[in-house]
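Structural overview
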Amino acid sequence: MKILNQDLWTSKADLIVVTCNGIVTKHGKLVMGRGAAMEAANRYPELPTDAGRLIKDLSSGLADYVSDMGNNTFLYGFLPVIAGAGSIGLFQVKFHFRDAAKFSLIGFSLVRMNEWLRKFPKDAKIAMNFPGIGFGGLQQEDVEPILEDLDDRVTLYIK
């Protein structure tokens, strides 16, 4: 597992992945109000709307992939989103933005991301903020065992 103590946005990766929650507002925007998610939303202002639309569209036809959890909360795990000029991956660690990150959800999201990355170029570089720590409230040493199967192309960043 590659871990760098650097700002995620210094990466020259082909895909930037940020941790997120599953709340889509009544206006159709994914809540991206803290941490790396907020930084991504600030860099790509259309991202919350594009992500919210995609999550809601998927929920109508793919119940096993995205299921309505009530109160505009969705389960998606991992989701690639093209937002303007940026390719961003969303890695779900929480259902609600007020929740602590959940180990089981990190594991689910990891499986979904690895499935998607099998179709991604083998020489691609992926950068992701370390999931579940920071505003997720988990300890890095507790999350690391869950990430043992992380694709080798992914570098984790801790700010």
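Please refer to the structure placed before this passage.
Residues numbered from 1 in each chain as written. Predicted model: local features only at pLDDT ≥ 70, side-chain atom pairs only at ≥ 80, totals over all residues. Heavy atoms only, no water.

Moving on to the overall build of the protein chain. The helix and strand inventory of the protein chain stands at 4 helices and 8 strands. Along the protein chain, helices and strands appear, N-terminal first, in the series β-β-α-α-β-β-β-β-α-β-α-β. Buried positions account for 49% of the 159 residues belonging to the protein chain. Taking the contacts inside the protein chain whose residues are at least 6 apart along the sequence as the reference set, 65% of them involve residues at least 24 apart. For the protein chain, the accessible area works out to roughly 8100 Å², and carbon and sulfur atoms hold 51% of it. (Helix = DSSP H or I, 4+ residues; strand = E, 2+ residues; numbered from the N terminus. Buried < 20%, exposed > 50% of the residue type's maximum accessible area, 1.4 Å probe, protein only. Contact = heavy atoms within 4.5 Å. Areas by Shrake-Rupley, 256 points an atom, 1.4 Å probe, with all protein chains shown as cover.)

This next bit is on the nonpolar core. Soluble globular proteins: nonpolar side chains tend toward being buried together. Counting residues in hydrophobic clusters, the biggest one holds 25 residues, and the most contacted among them are Leu 8, Ile 16, Val 18, Cys 20, Leu 30, Met 32 and Leu 90. The contacts of Cys 20, once residues within four sequence positions are left out, are Leu 30, Met 32, Ala 37, Tyr 76, Leu 90, Phe 91, Gln 92, Val 93 and Lys 94. Core analysis: the second largest hydrophobic core is formed by 22 residues, Phe 78, Leu 117, Leu 138 and Leu 150 among them. (Core = buried A, V, L, I, M, F, W, Y, C linked by side-chain atoms within 4.5 Å.)

Looking now at the environment of Ile 146. By the element assignment, Ile 146 lies in the loop between helix H4 (140-143) and strand E8 (154-157). Ile 146 sits in the partly exposed class, given a relative accessible area of 24%. Residues Ile 146 and Gly 107, 39 residues apart in the sequence, show an inter-C-alpha distance of 6.1 Å.

What follows deals with the pattern of salt bridges. This structure, assessed with the given rule, holds 5 salt bridges. A salt bridge links Arg 53 to Asp 50; its shortest N-O distance comes to 3.4 Å. Here the residue Arg 53 and the residue Asp 50 both occupy positions in helix H2 (residues 47-61), the gap between them amounting to 3 residues, near one helical turn. Arg 112 is the partner of Glu 115 in a salt bridge, and the nearest nitrogen-oxygen pair spans 3.6 Å. Here the residue Glu 115 and the residue Arg 112 both occupy positions in helix H3 (residues 103-117), the gap between them amounting to 3 residues, near one helical turn. On the basis of relative accessibility, which here comes to 17%, the residue Arg 112 falls in the buried class. (Salt bridge = Lys/Arg side-chain N within 4 Å of Asp/Glu carboxyl O.)

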